[in-house]
Amino acid sequence: MSTSSSPLFEAYQLSLPKPLHTPSPQISSFLYDPFSATLALRHTDSSFSLYPSFSPLSLSSLPSPKSLVPSPTSSAAFLHLRTTSNSSATTTLFLTSSSLLRPTSSTLIRFYILRDGRFGKIRVVSNHRDLEFDRSRCGVVFKVNHGVSMALSGGINVFTLYSVSSSKIWLFAARLIADEGGEEALKLMKCAVIDCCSPVFTIRVVFRVLILGEENGVRIFPLQPLVKGSHRKEKKTNNGKRYNSKNVLPKGEKTEKHSDSEKSRSVKLRQDSRDVGAFYVAFEDNKDEERIRRSVKAISIEPLSSNCFVVLDNVGDVHLLSLSYSVQGLNNRCLMKRSTQTMKVLKLSVFHDASTVTRTIWMSDGCHSVHLMMVSDMDTSTDKTEKKDTTEKLIQTSVTQTIFASEKIQDIVPLAANAVLILGQGSMFAYTIS
(Lines give C-alpha, C1' and ligand atoms only; values in the text may rest on other atoms or scores of the structure.)
Protein backbone atom coordinates (compact mmCIF):
# COMPACT_ATOMS: atom_id res chain seq x y z
CA MET A 1 0.00 0.00 0.00
CA SER A 2 1.07 3.59 -0.54
CA THR A 3 -0.21 7.13 -0.05
CA SER A 4 -0.92 9.85 -2.62
CA SER A 5 1.44 12.36 -0.96
CA SER A 6 4.31 12.20 1.48
CA PRO A 7 2.95 12.68 5.01
CA LEU A 8 4.39 10.87 7.98
CA PHE A 9 2.50 7.62 8.27
CA GLU A 10 2.86 4.09 9.56
CA ALA A 11 1.30 0.97 8.09
CA TYR A 12 0.78 -2.35 9.87
CA GLN A 13 -0.35 -5.60 8.30
CA LEU A 14 -2.09 -7.88 10.77
CA SER A 15 -1.91 -11.62 10.28
CA LEU A 16 -5.18 -13.32 11.04
CA PRO A 17 -5.27 -16.37 13.34
CA LYS A 18 -7.22 -19.46 12.40
CA PRO A 19 -10.30 -19.51 14.66
CA LEU A 20 -11.07 -22.69 16.52
CA HIS A 21 -14.81 -22.45 15.89
CA THR A 22 -14.78 -22.01 12.10
CA PRO A 23 -13.03 -23.93 9.29
CA SER A 24 -11.86 -20.70 7.64
CA PRO A 25 -10.21 -17.56 9.04
CA GLN A 26 -11.86 -15.43 6.37
CA ILE A 27 -13.48 -12.25 7.60
CA SER A 28 -16.48 -10.70 5.85
CA SER A 29 -16.77 -7.49 7.90
CA PHE A 30 -16.03 -5.99 11.30
CA LEU A 31 -17.45 -3.71 13.97
CA TYR A 32 -15.48 -1.43 16.27
CA ASP A 33 -16.61 0.04 19.57
CA PRO A 34 -14.63 3.15 20.56
CA PHE A 35 -15.93 3.13 24.16
CA SER A 36 -14.28 -0.19 25.01
CA ALA A 37 -11.86 -0.32 22.03
CA THR A 38 -13.43 -3.66 21.09
CA LEU A 39 -13.00 -5.12 17.62
CA ALA A 40 -15.64 -7.64 16.50
CA LEU A 41 -14.60 -9.70 13.48
CA ARG A 42 -17.45 -11.32 11.58
CA HIS A 43 -16.44 -14.53 9.85
CA THR A 44 -17.92 -15.94 6.67
CA ASP A 45 -19.93 -18.47 8.71
CA SER A 46 -21.54 -15.49 10.61
CA SER A 47 -19.67 -16.22 13.88
CA PHE A 48 -17.76 -13.44 15.68
CA SER A 49 -14.37 -13.12 17.32
CA LEU A 50 -14.22 -10.36 19.95
CA TYR A 51 -11.06 -8.43 20.87
CA PRO A 52 -11.57 -6.01 23.80
CA SER A 53 -8.94 -3.29 24.32
CA PHE A 54 -7.80 -3.77 20.73
CA SER A 55 -4.55 -1.97 19.86
CA PRO A 56 -3.43 -2.92 16.33
CA LEU A 57 -0.53 -0.45 16.26
CA SER A 58 1.35 -2.59 18.78
CA LEU A 59 0.57 -5.95 17.14
CA SER A 60 2.11 -7.83 14.23
CA SER A 61 -0.59 -10.49 14.28
CA LEU A 62 -3.92 -10.93 15.97
CA PRO A 63 -3.86 -13.22 19.00
CA SER A 64 -6.54 -15.78 19.64
CA PRO A 65 -9.81 -14.00 20.46
CA LYS A 66 -10.74 -13.62 24.12
CA SER A 67 -14.43 -14.20 23.37
CA LEU A 68 -16.23 -16.18 20.67
CA VAL A 69 -19.82 -15.76 19.51
CA PRO A 70 -21.05 -18.87 17.69
CA SER A 71 -22.95 -18.92 14.43
CA PRO A 72 -25.53 -18.45 13.14
CA THR A 73 -26.05 -14.71 13.58
CA SER A 74 -28.13 -12.47 11.33
CA SER A 75 -27.14 -9.12 12.87
CA ALA A 76 -24.98 -7.65 15.64
CA ALA A 77 -24.45 -4.36 17.46
CA PHE A 78 -22.84 -2.82 20.53
CA LEU A 79 -25.03 -1.50 23.34
CA HIS A 80 -23.82 0.90 26.04
CA LEU A 81 -25.34 1.33 29.48
CA ARG A 82 -24.98 4.48 31.55
CA THR A 83 -26.62 5.31 34.86
CA THR A 84 -26.94 9.05 34.08
CA SER A 85 -26.73 11.08 30.89
CA ASN A 86 -23.46 12.76 31.94
CA SER A 87 -21.86 9.70 33.50
CA SER A 88 -18.41 8.74 32.26
CA ALA A 89 -18.83 5.13 33.41
CA THR A 90 -20.04 3.03 30.48
CA THR A 91 -20.87 -0.67 30.45
CA THR A 92 -20.50 -2.33 27.04
CA LEU A 93 -22.59 -5.22 25.72
CA PHE A 94 -22.44 -7.06 22.41
CA LEU A 95 -25.80 -8.13 20.93
CA THR A 96 -26.61 -10.67 18.23
CA SER A 97 -29.82 -11.89 16.62
CA SER A 98 -30.58 -15.21 14.95
CA SER A 99 -33.53 -17.23 13.73
CA LEU A 100 -35.28 -19.94 15.76
CA LEU A 101 -37.56 -22.45 14.06
CA ARG A 102 -38.51 -24.65 17.02
CA PRO A 103 -40.80 -24.97 18.86
CA THR A 104 -42.24 -22.03 16.92
CA SER A 105 -40.69 -19.54 14.54
CA SER A 106 -39.15 -16.74 16.61
CA THR A 107 -36.03 -14.62 17.08
CA LEU A 108 -33.18 -15.27 19.51
CA ILE A 109 -31.33 -12.23 20.93
CA ARG A 110 -28.08 -12.94 22.77
CA PHE A 111 -26.42 -10.48 25.15
CA TYR A 112 -22.70 -10.56 26.04
CA ILE A 113 -21.42 -8.17 28.73
CA LEU A 114 -17.83 -6.94 28.98
CA ARG A 115 -16.40 -7.71 32.40
CA ASP A 116 -12.71 -7.97 33.36
CA GLY A 117 -11.49 -7.76 29.77
CA ARG A 118 -13.76 -10.51 28.45
CA PHE A 119 -17.30 -10.74 27.06
CA GLY A 120 -19.51 -13.18 28.92
CA LYS A 121 -23.15 -14.20 29.07
CA ILE A 122 -25.63 -12.43 31.30
CA ARG A 123 -29.09 -13.37 32.53
CA VAL A 124 -31.93 -11.26 31.12
CA VAL A 125 -35.27 -10.57 32.80
CA SER A 126 -38.39 -8.98 31.35
CA ASN A 127 -42.07 -8.59 32.21
CA HIS A 128 -43.18 -8.81 28.58
CA ARG A 129 -44.92 -12.03 27.60
CA ASP A 130 -43.24 -12.15 24.19
CA LEU A 131 -39.75 -11.92 25.73
CA GLU A 132 -38.54 -15.05 27.53
CA PHE A 133 -35.03 -15.85 28.72
CA ASP A 134 -33.87 -19.30 27.57
CA ARG A 135 -30.94 -20.48 29.65
CA SER A 136 -30.18 -23.41 27.32
CA ARG A 137 -29.83 -21.04 24.37
CA CYS A 138 -28.15 -18.35 26.48
CA GLY A 139 -30.41 -15.63 25.14
CA VAL A 140 -33.83 -14.06 25.00
CA VAL A 141 -36.48 -15.64 22.80
CA PHE A 142 -38.48 -12.86 21.18
CA LYS A 143 -41.73 -14.42 19.99
CA VAL A 144 -41.67 -12.69 16.60
CA ASN A 145 -40.98 -14.41 13.30
CA HIS A 146 -37.40 -13.72 12.24
CA GLY A 147 -38.30 -13.78 8.55
CA VAL A 148 -35.87 -12.77 5.82
CA SER A 149 -33.63 -10.66 8.02
CA MET A 150 -33.34 -8.73 11.27
CA ALA A 151 -31.21 -5.63 11.85
CA LEU A 152 -29.90 -4.52 15.25
CA SER A 153 -28.81 -0.97 16.06
CA GLY A 154 -27.40 -0.05 19.46
CA GLY A 155 -27.20 3.23 21.34
CA ILE A 156 -26.91 4.31 24.98
CA ASN A 157 -29.42 2.43 27.18
CA VAL A 158 -31.59 1.65 24.14
CA PHE A 159 -31.41 -0.46 20.97
CA THR A 160 -33.65 -1.27 18.02
CA LEU A 161 -34.55 -4.43 16.15
CA TYR A 162 -35.92 -4.09 12.61
CA SER A 163 -37.78 -6.90 10.84
CA VAL A 164 -37.96 -6.64 7.07
CA SER A 165 -40.61 -9.36 6.84
CA SER A 166 -42.85 -7.93 9.57
CA SER A 167 -42.20 -4.30 8.56
CA LYS A 168 -41.77 -3.35 12.21
CA ILE A 169 -39.15 -1.63 14.35
CA TRP A 170 -39.01 -2.45 18.07
CA LEU A 171 -37.31 -0.05 20.46
CA PHE A 172 -35.97 -1.60 23.67
CA ALA A 173 -34.48 -0.06 26.81
CA ALA A 174 -32.08 -1.93 29.06
CA ARG A 175 -30.49 -1.49 32.47
CA LEU A 176 -28.50 -3.54 34.95
CA ILE A 177 -30.29 -4.87 38.01
CA ALA A 178 -29.81 -7.37 40.81
CA ASP A 179 -32.03 -10.43 40.36
CA GLU A 180 -33.79 -12.36 43.11
CA GLY A 181 -30.53 -14.06 44.09
CA GLY A 182 -28.58 -10.83 44.17
CA GLU A 183 -26.72 -11.64 40.94
CA GLU A 184 -26.19 -9.13 38.17
CA ALA A 185 -28.82 -9.31 35.42
CA LEU A 186 -30.08 -7.24 32.52
CA LYS A 187 -33.59 -5.80 32.67
CA LEU A 188 -35.12 -5.60 29.17
CA MET A 189 -38.09 -3.33 28.43
CA LYS A 190 -39.97 -2.98 25.15
CA CYS A 191 -40.66 0.73 24.77
CA ALA A 192 -42.11 1.25 21.28
CA VAL A 193 -43.27 -0.53 18.15
CA ILE A 194 -43.16 1.32 14.83
CA ASP A 195 -45.23 -0.06 11.95
CA CYS A 196 -43.32 0.64 8.75
CA CYS A 197 -45.21 1.74 5.66
CA SER A 198 -42.10 2.25 3.50
CA PRO A 199 -38.71 0.47 3.28
CA VAL A 200 -36.00 1.25 5.84
CA PHE A 201 -32.38 0.81 4.72
CA THR A 202 -30.47 1.80 7.85
CA ILE A 203 -31.21 2.78 11.47
CA ARG A 204 -29.18 4.77 13.97
CA VAL A 205 -29.95 5.38 17.64
CA VAL A 206 -27.69 8.20 18.76
CA PHE A 207 -27.76 11.50 20.68
CA ARG A 208 -31.36 10.90 21.85
CA VAL A 209 -32.76 10.57 18.34
CA LEU A 210 -33.83 7.60 16.24
CA ILE A 211 -32.97 8.13 12.55
CA LEU A 212 -34.33 5.96 9.73
CA GLY A 213 -32.68 5.87 6.32
CA GLU A 214 -35.45 5.88 3.72
CA GLU A 215 -35.95 6.61 0.03
CA ASN A 216 -34.91 10.15 -0.90
CA GLY A 217 -34.12 11.16 2.69
CA VAL A 218 -34.23 10.33 6.39
CA ARG A 219 -36.90 10.28 9.09
CA ILE A 220 -36.11 11.46 12.62
CA PHE A 221 -37.86 10.46 15.86
CA PRO A 222 -36.99 12.17 19.18
CA LEU A 223 -36.30 9.31 21.59
CA GLN A 224 -37.79 10.87 24.71
CA PRO A 225 -41.47 10.61 23.64
CA LEU A 226 -40.89 6.96 22.66
CA VAL A 227 -39.54 5.90 26.05
CA LYS A 228 -41.01 8.35 28.54
CA GLY A 229 -44.11 7.04 30.24
CA SER A 230 -43.83 3.62 28.63
CA HIS A 231 -42.86 2.01 31.94
CA ARG A 232 -44.39 2.66 35.30
CA LYS A 233 -42.55 1.29 38.31
CA GLU A 234 -44.02 0.85 41.76
CA LYS A 235 -41.36 0.89 44.44
CA LYS A 236 -41.31 0.81 48.21
CA THR A 237 -39.61 3.58 50.11
CA ASN A 238 -37.87 3.07 53.44
CA ASN A 239 -41.09 3.83 55.34
CA GLY A 240 -42.99 1.21 53.38
CA LYS A 241 -44.96 3.61 51.22
CA ARG A 242 -45.20 3.09 47.48
CA TYR A 243 -44.65 5.56 44.72
CA ASN A 244 -44.71 5.49 40.93
CA SER A 245 -41.88 6.40 38.57
CA LYS A 246 -42.19 6.83 34.83
CA ASN A 247 -38.50 7.16 34.02
CA VAL A 248 -37.22 4.38 31.75
CA LEU A 249 -33.60 5.44 31.44
CA PRO A 250 -31.63 4.40 34.52
CA LYS A 251 -30.80 7.13 37.01
CA GLY A 252 -29.02 6.76 40.31
CA GLU A 253 -27.19 3.56 41.16
CA LYS A 254 -25.88 1.33 38.41
CA THR A 255 -27.52 -1.82 39.72
CA GLU A 256 -31.12 -1.70 40.90
CA LYS A 257 -33.16 -4.30 42.73
CA HIS A 258 -35.57 -6.08 40.42
CA SER A 259 -39.23 -5.69 41.28
CA ASP A 260 -42.04 -7.74 39.76
CA SER A 261 -44.39 -4.79 40.31
CA GLU A 262 -42.92 -3.01 37.30
CA LYS A 263 -45.52 -2.69 34.55
CA SER A 264 -44.72 -2.04 30.91
CA ARG A 265 -46.64 -0.39 28.13
CA SER A 266 -45.28 -0.03 24.61
CA VAL A 267 -45.93 3.01 22.46
CA LYS A 268 -47.38 2.01 19.09
CA LEU A 269 -47.25 4.26 16.06
CA ARG A 270 -46.85 4.35 12.30
CA GLN A 271 -43.63 5.20 10.56
CA ASP A 272 -45.16 8.33 9.02
CA SER A 273 -46.81 9.45 12.27
CA ARG A 274 -46.09 12.93 13.61
CA ASP A 275 -47.65 12.25 17.01
CA VAL A 276 -44.31 12.07 18.85
CA GLY A 277 -42.66 14.89 16.92
CA ALA A 278 -41.18 12.76 14.13
CA PHE A 279 -40.35 14.45 10.83
CA TYR A 280 -38.88 13.68 7.40
CA VAL A 281 -35.95 15.47 5.76
CA ALA A 282 -35.46 15.01 2.03
CA PHE A 283 -32.17 15.02 0.15
CA GLU A 284 -31.20 18.24 -1.53
CA ASP A 285 -32.77 18.54 -5.01
CA ASN A 286 -30.37 18.23 -7.92
CA LYS A 287 -30.43 17.41 -11.61
CA ASP A 288 -27.90 14.57 -11.59
CA GLU A 289 -29.03 12.10 -14.28
CA GLU A 290 -28.04 9.03 -12.25
CA ARG A 291 -29.97 10.25 -9.22
CA ILE A 292 -33.02 10.95 -11.38
CA ARG A 293 -32.83 7.53 -13.00
CA ARG A 294 -32.25 5.53 -9.79
CA SER A 295 -34.24 5.31 -6.58
CA VAL A 296 -32.00 7.12 -4.10
CA LYS A 297 -31.83 5.49 -0.66
CA ALA A 298 -30.11 6.54 2.57
CA ILE A 299 -27.96 3.49 3.38
CA SER A 300 -25.61 4.78 6.10
CA ILE A 301 -25.92 7.44 8.82
CA GLU A 302 -23.04 8.58 11.03
CA PRO A 303 -23.09 11.27 13.76
CA LEU A 304 -20.73 14.23 13.56
CA SER A 305 -22.18 15.95 16.63
CA SER A 306 -25.44 16.00 18.56
CA ASN A 307 -27.15 17.99 15.81
CA CYS A 308 -25.13 17.21 12.69
CA PHE A 309 -24.97 13.91 10.80
CA VAL A 310 -23.41 12.59 7.62
CA VAL A 311 -25.65 10.47 5.37
CA LEU A 312 -24.50 8.19 2.54
CA ASP A 313 -26.89 7.23 -0.26
CA ASN A 314 -26.77 4.22 -2.59
CA VAL A 315 -25.65 6.36 -5.52
CA GLY A 316 -22.43 7.13 -3.63
CA ASP A 317 -23.16 10.74 -2.66
CA VAL A 318 -22.53 12.12 0.83
CA HIS A 319 -24.99 14.51 2.51
CA LEU A 320 -24.65 16.64 5.63
CA LEU A 321 -27.76 16.83 7.80
CA SER A 322 -28.09 19.67 10.30
CA LEU A 323 -30.76 19.68 12.99
CA SER A 324 -31.89 22.51 15.21
CA TYR A 325 -34.72 21.64 17.57
CA SER A 326 -35.55 21.46 21.25
CA VAL A 327 -37.71 18.42 21.96
CA GLN A 328 -40.36 18.15 19.29
CA GLY A 329 -39.56 17.82 15.60
CA LEU A 330 -39.31 21.10 13.74
CA ASN A 331 -38.74 20.16 10.11
CA ASN A 332 -38.57 23.79 8.99
CA ARG A 333 -35.40 24.13 11.04
CA CYS A 334 -33.43 21.32 9.36
CA LEU A 335 -31.01 21.40 6.49
CA MET A 336 -29.75 18.62 4.20
CA LYS A 337 -26.86 19.59 1.96
CA ARG A 338 -25.08 17.40 -0.56
CA SER A 339 -21.29 17.34 -0.28
CA THR A 340 -19.30 18.46 -3.31
CA GLN A 341 -16.80 15.60 -3.43
CA THR A 342 -16.65 13.91 -6.85
CA MET A 343 -15.80 10.38 -5.71
CA LYS A 344 -18.63 7.89 -5.46
CA VAL A 345 -18.48 6.49 -1.94
CA LEU A 346 -19.29 2.89 -1.04
CA LYS A 347 -18.09 2.75 2.58
CA LEU A 348 -18.17 5.60 5.08
CA SER A 349 -17.24 5.83 8.74
CA VAL A 350 -16.76 8.68 11.21
CA PHE A 351 -14.48 9.08 14.18
CA HIS A 352 -16.20 11.27 16.75
CA ASP A 353 -14.06 13.29 19.13
CA ALA A 354 -16.06 15.58 21.41
CA SER A 355 -12.94 17.55 22.34
CA THR A 356 -12.56 19.15 18.90
CA VAL A 357 -14.84 21.00 16.48
CA THR A 358 -13.22 19.20 13.56
CA ARG A 359 -14.67 15.85 12.57
CA THR A 360 -12.89 13.11 10.64
CA ILE A 361 -14.71 11.17 7.93
CA TRP A 362 -13.10 8.11 6.36
CA MET A 363 -14.50 7.21 2.94
CA SER A 364 -13.80 4.39 0.48
CA ASP A 365 -14.85 3.85 -3.12
CA GLY A 366 -15.03 0.11 -2.44
CA CYS A 367 -12.15 -0.49 -4.83
CA HIS A 368 -8.62 0.44 -3.84
CA SER A 369 -8.67 3.84 -2.12
CA VAL A 370 -9.56 5.32 1.28
CA HIS A 371 -9.94 9.09 1.67
CA LEU A 372 -9.66 11.13 4.85
CA MET A 373 -12.00 14.13 4.83
CA MET A 374 -12.07 16.81 7.50
CA VAL A 375 -15.35 18.56 8.33
CA SER A 376 -15.20 21.80 10.30
CA ASP A 377 -16.91 25.13 10.90
CA MET A 378 -20.31 23.49 11.32
CA ASP A 379 -22.57 26.45 11.93
CA THR A 380 -26.00 24.93 12.43
CA SER A 381 -27.78 28.09 13.51
CA THR A 382 -31.14 28.62 11.85
CA ASP A 383 -31.90 32.01 13.28
CA LYS A 384 -33.94 34.03 10.81
CA THR A 385 -31.31 36.75 10.62
CA GLU A 386 -28.71 34.20 9.57
CA LYS A 387 -30.85 31.89 7.50
CA LYS A 388 -29.41 33.07 4.20
CA ASP A 389 -25.90 32.22 5.29
CA THR A 390 -26.68 28.89 6.97
CA THR A 391 -26.25 26.72 3.88
CA GLU A 392 -22.89 28.23 3.11
CA LYS A 393 -21.75 27.90 6.72
CA LEU A 394 -23.06 24.37 7.20
CA ILE A 395 -19.81 22.64 6.27
CA GLN A 396 -16.30 23.30 5.15
CA THR A 397 -14.74 20.06 3.89
CA SER A 398 -11.34 19.08 2.58
CA VAL A 399 -9.84 15.73 1.63
CA THR A 400 -6.47 15.79 3.35
CA GLN A 401 -5.06 12.33 2.63
CA THR A 402 -5.66 9.36 0.36
CA ILE A 403 -4.52 5.77 0.93
CA PHE A 404 -4.26 3.40 -2.03
CA ALA A 405 -4.60 -0.33 -1.40
CA SER A 406 -3.34 -3.24 -3.44
CA GLU A 407 -6.34 -5.31 -2.36
CA LYS A 408 -9.97 -4.46 -2.99
CA ILE A 409 -11.36 -2.89 0.18
CA GLN A 410 -14.21 -4.68 1.92
CA ASP A 411 -14.61 -2.52 5.01
CA ILE A 412 -13.09 0.37 6.96
CA VAL A 413 -13.34 1.48 10.57
CA PRO A 414 -11.66 4.50 12.23
CA LEU A 415 -9.53 3.79 15.29
CA ALA A 416 -8.71 7.45 15.96
CA ALA A 417 -8.82 10.79 14.18
CA ASN A 418 -5.64 9.83 12.33
CA ALA A 419 -5.86 6.01 12.33
CA VAL A 420 -7.96 3.61 10.30
CA LEU A 421 -8.36 -0.16 10.05
CA ILE A 422 -8.82 -1.53 6.53
CA LEU A 423 -10.17 -4.97 5.64
CA GLY A 424 -8.95 -6.18 2.27
CA GLN A 425 -9.70 -9.41 0.45
CA GLY A 426 -7.51 -11.50 2.71
CA SER A 427 -5.63 -9.10 4.94
CA MET A 428 -6.13 -6.42 7.57
CA PHE A 429 -4.12 -3.21 7.62
CA ALA A 430 -3.87 -0.47 10.24
CA TYR A 431 -2.76 3.00 9.15
CA THR A 432 -1.79 6.08 11.11
CA ILE A 433 -1.30 9.42 9.37
CA SER A 434 0.32 12.53 10.79
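Model, not experiment: these values are computed from the prediction.

Participant: Let's hear about the overall build of the protein chain: which residues, and what values?
Facilitator: Helix and strand content of the protein chain: three helices and 37 strands. Classification of the 434 residues of the protein chain by burial places 52% in the buried group. Accessible area for the protein chain stands at about 20,000 Å²; split by element, carbon and sulfur atoms hold 48% of it.

Participant: Tell me about the side chain of T432, residues and numbers included.
Facilitator: By secondary structure assignment, the location of T432 is in strand 37 (residues 428-433). Apart from residues no more than four positions distant in its own chain, T432 is found in contact with L8, F9, E10, L57, N418 and A419.

Participant: How would you summarise the pattern of salt bridges if you had to cite specific residues and measurements?
Facilitator: Here the structure, examined in full by the defined rule, presents ten salt bridges. K190 is paired through a salt bridge with D130; the nearest N and O atoms lie 2.5 Å apart. Of the two residues, K190 sits in strand 17 (residues 184-195) while D130 sits in the loop between strand 11 (123-125) and strand 12 (131-134), which places them 60 residues apart along the sequence. Across this residue pair, the class does not change: K190 and D130 are buried. Where R270 meets D272, a salt bridge forms, and the shortest distance between an N and an O atom there is 2.9 Å. On the basis of relative accessibility, which here comes to 37%, the residue D272 falls in the partly exposed class. One continuous salt-bridge network, built from bridges that share partners, spans D317, R338 and K344.

Participant: So, the side chain of T92: which residues are in play, and what are the values?
Facilitator: If you trace the backbone, T92 turns up in strand 8 (residues 91-100). In this structure T92 comes out as buried when scored by relative accessible area, which is 4%.

Participant: Let's hear about the confidence of the model for the protein chain: which residues, and what values?
Facilitator: Across the protein chain, the average pLDDT comes to 80, with 76% of residues at 70 or higher. Here residues 1-5 scores under 50 on pLDDT; set against residues more than four positions off or in separate chains, the count is 17 contacts.

Participant: Describe the pairing of strand 15 (residues 158-163), and please don't skip the residues or the numbers.
Facilitator: Burial of strand 15 is extensive: six of the six residues sit out of reach of the surface. Where burial is concerned, the two faces of strand 15 agree: the one with V158, T160 and Y162 and the one with F159, L161 and S163 are both buried. Looking at chain direction, strand 14 (residues 150-154) and strand 15 are connected through five bridges and run antiparallel. The residue bridging S153 from the neighbouring strand is T160, located in strand 15. Where strand 14 hands over to strand 15, the hairpin turn is made up of three residues, of which N157 adopts a positive phi near 70°. The sheet contact formed by strand 15 and strand 16 (residues 168-178) spans six bridges and is antiparallel. Along strand 16, the bridge assignment pairs T160 with L171. Between the antiparallel neighbours strand 15 and strand 16 lie four residues, among them S167 with a positive phi of about 55°.

Participant: I'd like to hear about the environment of T360, residue by residue, with values.
Facilitator: Within the secondary structure layout, T360 lies in strand 32 (residues 359-364). T360 sits in the buried class, given a relative accessible area of 3%. Along the sequence, T360 and M373 sit 13 residues apart, while their C-alpha atoms lie 6.0 Å from each other. Discounting residues that sit within four places of it in the chain, T360 has contacts with S349, V350, F351, L372, M373, M374 and A417.

Participant: Please provide a residue-by-residue account of the pairing of strand 37, values included.
Facilitator: If a strand is regular, its side chains alternate between the two faces of the sheet. Burial analysis of strand 37 places six of its six residues in the buried class, the great majority of the element. Covered by surrounding structure in strand 37 are M428, A430 and T432 together with F429, Y431 and I433, the residues of both alternating faces. Sheet topology places strand 2 (residues 9-14) next to strand 37; six bridges connect them, and they run antiparallel. When the sheet's bridge partners are listed, E10 is paired in strand 37 with T432. With antiparallel pairing between neighbouring strands as the criterion, strand 36 (residues 419-423) and strand 37 make up a hairpin whose turn holds four residues.

Participant: How would you explain the sheet that holds strand 29 (residues 318-323) if you had to name every residue and give the values?
Facilitator: Taken in spatial order, the four strands line up as 27-28-29-30 in an open sheet, and their pairing is antiparallel. Every interior strand has two partners, whereas the edge strands, strand 27 (298-305) and strand 30 (334-338), have only one. Neighbour to neighbour, the strand axes of the sheet diverge by 20° on average, direction disregarded. Sheet analysis places strand 29 next to strand 30, joined by five bridges and oriented antiparallel. The partner of S322 across the bridge, within strand 30, is L335.

Participant: Tell me about the sheet that holds strand 35 (residues 411-416), and name the residues and values.
Facilitator: Read across the open sheet, the four strands follow the order 2-37-36-35; overall the sheet is antiparallel. The strands lining the two open edges of the sheet, one partner per strand, are strand 2 and strand 35. The average undirected angle you get between the axes of adjacent strands in this sheet is 20°. Sheet analysis places strand 35 next to strand 36, joined by five bridges and oriented antiparallel. Bridging from a neighbouring strand, D411 pairs with L423 of strand 36.

Reading guide: rules and limits
Residues numbered from 1 in each chain as written. Predicted model: local features only at pLDDT ≥ 70, side-chain atom pairs only at ≥ 80, totals over all residues. Heavy atoms only, no water. Helix = DSSP H or I, 4+ residues; strand = E, 2+ residues; numbered from the N terminus. Buried < 20%, exposed > 50% of the residue type's maximum accessible area, 1.4 Å probe, protein only. Areas by Shrake-Rupley, 256 points an atom, 1.4 Å probe, with all protein chains shown as cover. Contact = heavy atoms within 4.5 Å. Salt bridge = Lys/Arg side-chain N within 4 Å of Asp/Glu carboxyl O. pLDDT = per-residue confidence, 0-100. Pairing = 2+ DSSP bridges. Axes fitted to C-alpha atoms, helices over the stretch in contact; angles between N-to-C directions.

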